[in-house]
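Examining the three-dimensional arrangement
Now for the letters of each chain:
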Amino acid sequence: MYELSICHLYPDLLNLYGDRGNIIALKMRCEWRGINVNVSNISLGDKFDAEAYDIIFLGGGQDYEQEMIQDDLLNEKGEEIRNAVKNDKVFLAICGGYQLLGSYYKTWDGKEIHFLNALNLWTIGGKERMIGNFVFECDFLKNDNYDGKIVGFENHSGRTYLGQGVKPLGKIIKGYGNNGEDGFEGAIYKNVYCSYSHGSLLPKNPALADHLISIALKQKYKDFVSLSPTKDEFETLAHDSMIKRIIG
Ligand code: GLN
């Protein structure tokens, strides 16, 4: 029987707008298929051994929480996270957690917060926040039955820019995404997936949730081929009705 271990990093500090919903979606979608899931919460001062996990999750946090965890993140867990990224570990990082994986964040009021430098990207704060429901499209999810559209909710002042080697997660159809300028949203580097979309990301976009589960299972089990289908009545209803509301 397959089994996955998920690590929620700083769940008490990085969990904006129900980001934990992404973990619940991963867990439920695995359990519906008879795949066991363990979730571990690792926060300030806890020992972090990336090898013990198959998926590592970082949620969003305001500038205040990002500063609060900076020391623990850089000095206690940084090396472990950078190595895990290099070694193809599956990550999902949302908003503030996405920014943390980059090299730095210059806040809108001029503070420079050094981050992990695990991914070649950086964030610069602007006065105006980018808030709202948004839609983007992911080429890697497109198939005969799915147009690759993802619906989410964003709320950030940081504008993120991707350096060489990092690909965007998707193209913006409506909303701001990474910086409101270049038309891209999120980032992909090796098996690290980053998005500005908060807690409703995986619950409302089951194709993306299944993609992450599949790459984690492929990494762990050489005989894994594909996930069995699920009904997804509610997920599809939530996804389709939001897309309709946002782009008509
Ligand atoms: N502090 C970051 C910003 O405002 C992230 C906020 C968030 O995670 N929603 O850009």
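Nothing here was measured: the structure is a model prediction, and the numbers come from that model. (Residues numbered from 1 in each chain as written. Predicted model: local features only at pLDDT ≥ 70, side-chain atom pairs only at ≥ 80, totals over all residues. Heavy atoms only, no water.)

**Quick word on the confidence of the model for the chain**
Residue-level pLDDT values for the chain average 96, and 100% of them are 70 or greater. Overall fold confidence (pTM) sits at 0.97, and the ipTM for the predicted complex is 0.94. (pLDDT = per-residue confidence, 0-100.)

**So, the site of the ligand**
Around the ligand, 16 residues are found, and the nearest of them are Asp63, Cys95, Gly96, Asn155 and Gly158. A distance of 3.0 Å separates an oxygen atom of the ligand from a polar atom in the backbone of Ser157. Contributing elements (two or more residues each) for the shell around the ligand: helix H2 (63-86), helix H3 (96-101) and strand S8 (149-162). The biggest single contributor to the shell around the ligand is S8, with four residues. By residue class, the composition of the shell around the ligand is three nonpolar, eleven polar and two charged. (Near = heavy atom within 4 Å. Polar contact = N/O pair within 3.5 Å; in protein donor to acceptor, adjacent residues only side chain to side chain. Helix = DSSP H or I, 4+ residues; strand = E, 2+ residues; numbered from the N terminus. Nonpolar A, V, L, I, M, F, W, Y, C, P; charged D, E, K, R; others polar.)

**Observations concerning the UniProt feature "domain: CobB/CobQ-like glutamine amidotransferase" (unreviewed entry) in the chain**
Annotation from UniProt places "domain: CobB/CobQ-like glutamine amidotransferase" (unreviewed entry) at residues 6-205. For the annotated span residues 6-205, helix accounts for 23% and strand for 36% of the residues, and the straight-line distance between the end C-alpha atoms is 19 Å. (UniProt positions renumbered as here; feature names shortened; annotations may be inferred.)

**Description of the UniProt feature "active site" (unreviewed entry) in the chain**
Per the UniProt record, the feature "active site" (unreviewed entry) sits at Cys95 and His198. Spanning 104 residues, the named residues nonetheless gather at one spot, since no C-alpha pair among them exceeds 7.1 Å. For Cys95, the position within the fold is in the loop between strand S4 (90-94) and H3. If near-sequence neighbours (up to four positions away) are discounted, Cys95 is found in contact with Gly60, Asn155, His156, Ser195, Tyr196 and His198. Looking at His198, the relative accessible area reads 0%, which means it is buried. With residues near it in sequence (within four places) discarded, His198 still touches Leu16, Tyr17, Asp19, Asn22, Gly60, Ile94, Cys95, Phe153 and Asn155. (Contact = heavy atoms within 4.5 Å. Buried < 20%, exposed > 50% of the residue type's maximum accessible area, 1.4 Å probe, protein only.)

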